[in-house]
Amino acid sequence: MIPAKFFLLISAMLLFTGTLLAESGPEKKEQGKDLLDFSSIKDIIKKDGLEGELKKKQDEKRKYLDAQKLKEMRRFNVPTQDVFWSFFSELWLVKNATSLKWDIHKPDFELEKAFTAFLESQGHFEKKIKILLMDSTEIVHAALPSNDNEYIFILSLPFIRTMDLSKVEISLILFEDFVRIRKGYFKNYVLDKELENFLGSNFNGKPFDKKLIDSHLKKYSTLLFEKGFTFQEQFETTKEIDVLLKNDLKMWNTYLTLLEKIDNLTKSNALYKKYNQIYPSPELQLNWLKPKKSEL
Amino acid sequence: MGNYSVQMESLMKRILFFTLCLFSYSAISADAVKKSMIGVKYFSEMMGNVHQNPSRYSQVLTTISCNHPVKVMKEVSKDGKEMIFFGENNWNLVTVGPYEGYVMSDYLSDKKNECFEEQYPKFFDGLNLDINDLYYWARLYDQYVQGKSKVRQ
C-alpha cells in the first residue's frame, strides 16, 4: 500500500514545478526576442551616447592612420632652397676633399676674427662665416652658395703664402667673394629649372634622382675649376666694392694694391695662370677702378 | 713685403701656446683633478669628431652625428674649484659611450636640434654616402674656422 503522504508529496512537487515553469516561460521568450531584434536597444544605445563614442573612436583611428601616412610621406621630402645650399656646398667639399686638399694640418691665423671685424666695419651684422683653408692652388679663393646669413669660403693656403698676405688683404679677398655670392651668380648658374622643381618636392613612390644631384655637383666643379665668372659679373662685383670701399680711402688703396699684386702673380707664376679664367681679370679690375683721366 | 705676415704671427702664437701648456700641465698633477658631470648636450652639426685632446688635429676617438647626446664633464680640483686648462676654453670635455674626449663647444647645444638628416631622411639616404664621405664630413667641421659678426647695436 502506498501511503497517502507519498501522493501528497508528489502532488506538491508537481504544483511547485508547474509554478516555476509558468514564471520562467515568458521571460525566456522575451530574451530570445531581444537577441534577434537589435533595433529594440538602438534607442537605449543612442541615449547612452555609445554610438557617438564609436564614431569618435573611428575618427581618432582614421586621424592616426592619416598622420602616420603623412609622417611616412614626409620622410620623402626634398629640402627646400632655405636649407639646401649649405648642405649641398658641404657635400661638394666632401666629395672633392682629395683634390682640394683641405684636410691638412694648418696654422691658426684667426682669420675668422679679422674677417668678422671687417664685415662689421662694412655694416654687415649677424653673418655666420665658415672659412676652409686648402693646400691647393686649383681654386684660389671662392665663396660657395649657402643658407641665409651663412657664408662658406674656401681659400688657398699656398696662395696666402706666395703673396705673403696680411689679414686685411685676406679679408678684402674674402669680401670680394662675399659680394659676389650675395649677387647670386653662383646660385643662378647651378640652379636650373630641373633643380628648382626638385627642391621642396616629395619623391614618395618615385625613385630618388641621384643623377640630378650628381650633375649639379658637377656644375660646382665646372664653375670653380674651368668656366669661372663672366666679365659682366666681375665688372658688377668690382664696381660694387669700389662704391663700398670708397668711404675708407686707405682700405680702397689696399684693395687696389692687392689687385696689382694678384695681377703680377698671375702674369709671372704658372701655378696661377688659370686665375684670370675664373676671375677675369685683375688687370681689367684695375682699369675699372682707376679714375679716368679727364681730357682737356 | 711691407705687410705684417700672418704666418709669423701664427708661429709666435704657437710657441706661446706650447710653453703655456707645458707650465699648465706640469703644475697640476693628474691625480689632483676629479671629473664630474655637468649635464647632457647634443651635437649640432652634420657629423663631428670626439678628440683625445682639445685640438682639432688631435687623435679622433669616435665620430658622432647630429643630435647625438654627450655627457659634458668638468674637471674639479681637490678643493672643489673648476679647472680649465690653457687651450680648453673652446672645447668641452665629454663622455660618449666608452670614450672620454673633447668636442668643440660651438658644436654642442643644450636642446635637440633640427638636423638635416632627420628632417629629410630618404633624401639623405638617397645620396648613398659611404664611410669615406662621412669621415670627411666630420673632418670638415674640424677644419672649418668659424665666426659670426656681432649684432647691430
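Basis of the calculations
Residues numbered from 1 in each chain as written. Chains lettered and ligands numbered in written order. Predicted model: local features only at pLDDT ≥ 70, side-chain atom pairs only at ≥ 80, totals over all residues. Helix = DSSP H or I, 4+ residues; strand = E, 2+ residues; numbered from the N terminus. Rg over C-alpha atoms; globule rule 2.2 N^0.38 Å. Contact = placed C-beta atoms within 7 Å. Pairing = 2+ DSSP bridges. Axes fitted to C-alpha atoms, helices over the stretch in contact; angles between N-to-C directions. Core = buried A, V, L, I, M, F, W, Y, C linked by C-beta atoms within 7 Å. Buried ≥ 20, exposed ≤ 12 C-beta atoms within 10 Å, placed from the backbone. Parallel < 35°, antiparallel > 145°, perpendicular 65-115°, else oblique. Left-handed = near helix turned anticlockwise from the far one by under 90°. pLDDT = per-residue confidence, 0-100. Expected span 1.5 Å × (residues − 1).

### Quick word on the overall build of chain A
Looking only at helices and strands, chain A has 15 helices and three strands in total. What you see for chain A is a C-alpha radius of gyration of 41 Å, clearly larger than the 19 Å of a compact globule of 296 residues, by over 25%. Counting only C-alpha atoms, chain A reaches 160 × 45 × 35 Å along its principal axes. Pairs at least 24 residues apart make up 66% of the contacts formed inside chain A by residues separated by at least 6 positions.

### A short note on the interface of chain A and chain B
Contact with chain A, which involves 42 residues of that partner, is made by 34 residues of chain B. Sorting the residues of the side of chain A that touches chain B by element identifies helix H4 (81-95), helix H6 (111-121), strand E1 (128-134), helix H8 (167-182) and helix H11 (210-227) of chain A as the ones contributing at least two each. The greatest single-element share of the side of chain A that touches chain B, amounting to seven residues, is contributed by H6 of chain A.

### Thoughts on the sheet that holds E1 of chain A
Pairing within the open sheet is mixed, and its four strands lie in the order E2(A)-E3(A)-E1(A)-E9(B). Taken across any chain shown, the strands that pair with only one partner, and hence form the sheet edges, are strand E2 (141-144) of chain A together with strand E9 (145-148) of chain B. Averaged over all adjacent pairs, the angle separating strand axes in this sheet is 20°, with direction ignored. As judged from the four bridges shared by E1 of chain A and E9 of chain B, these two strands associate in the antiparallel manner. Paired with Ile129 of chain A across the bridge in E9 of chain B is Gly147 of chain B. Contacts from H8 of chain A reach E2 and strand E3 (150-156) of chain A within the one sheet, and its direction differs from that of E2 of chain A by about 35°.

### Quick word on the nonpolar core
Core analysis: the biggest nonpolar cluster contains 74 residues, and Leu93, Ile131, Leu132, Ala143, Phe153 and Ile154 of chain A together with Val103 of chain B have the highest contact counts within it. In terms of residue count, the dominant contributor to this core is H8 of chain A (seven residues).

### Some details on the packing of helix H12 (residues 231-245) of chain A against helix H15 (residues 282-289) of chain A
Residue and element names in this part refer to chain A. Across the interface, H12 lies against H15 with an axial gap of 10 Å and an inter-helix angle of 45°. In terms of axis orientation, H12 runs oblique to H15. Crossing of H12 over H15 shows right-handed handedness. Residue-level inspection shows Gln234, Phe235, Thr238, Lys239 and Asp242 of H12 in contact with H15, the latter providing Gln285, Trp288 and Leu289.

### With respect to unusual backbone geometry
Despite not being glycine, Asp164 of chain A shows a phi value in the positive range, around 50°. Unlike most non-glycine residues, Asn128 of chain B shows phi in positive territory, near 55°. Structurally, the position occupied by Asn128 of chain B is in the loop between helix H3 (121-126) and helix H4 (131-143).

### Re the pairing of E3 of chain A
Residue and element names in this part refer to chain A. For E3, a buried count of six out of seven residues is recorded, marking the element as mostly surrounded by other parts of the structure. With seven bridges connecting them, E1 and E3 associate as parallel partners. In the sheet register, Ile131 faces E3, and the bridge partner there is Phe153. Between E2 and E3, which pair antiparallel and follow one another directly, the connecting turn spans five residues, one of which, Asn149, has a positive phi of 60°.

### Concerning the confidence of the model for chain B
With 75% of its residues at a pLDDT of at least 70, chain B reaches an overall mean of 84. The ipTM value of the predicted complex is 0.79, and its pTM value is 0.80.

### Observations concerning H8 of chain A
Helix length check: H8 of chain A (16 residues) gives 22 Å between terminal C-alpha atoms against 22 Å at 1.5 Å per residue, within 8%. Just downstream of H8 of chain A lies Gly184 of chain A, where phi reads positive at about 80°.

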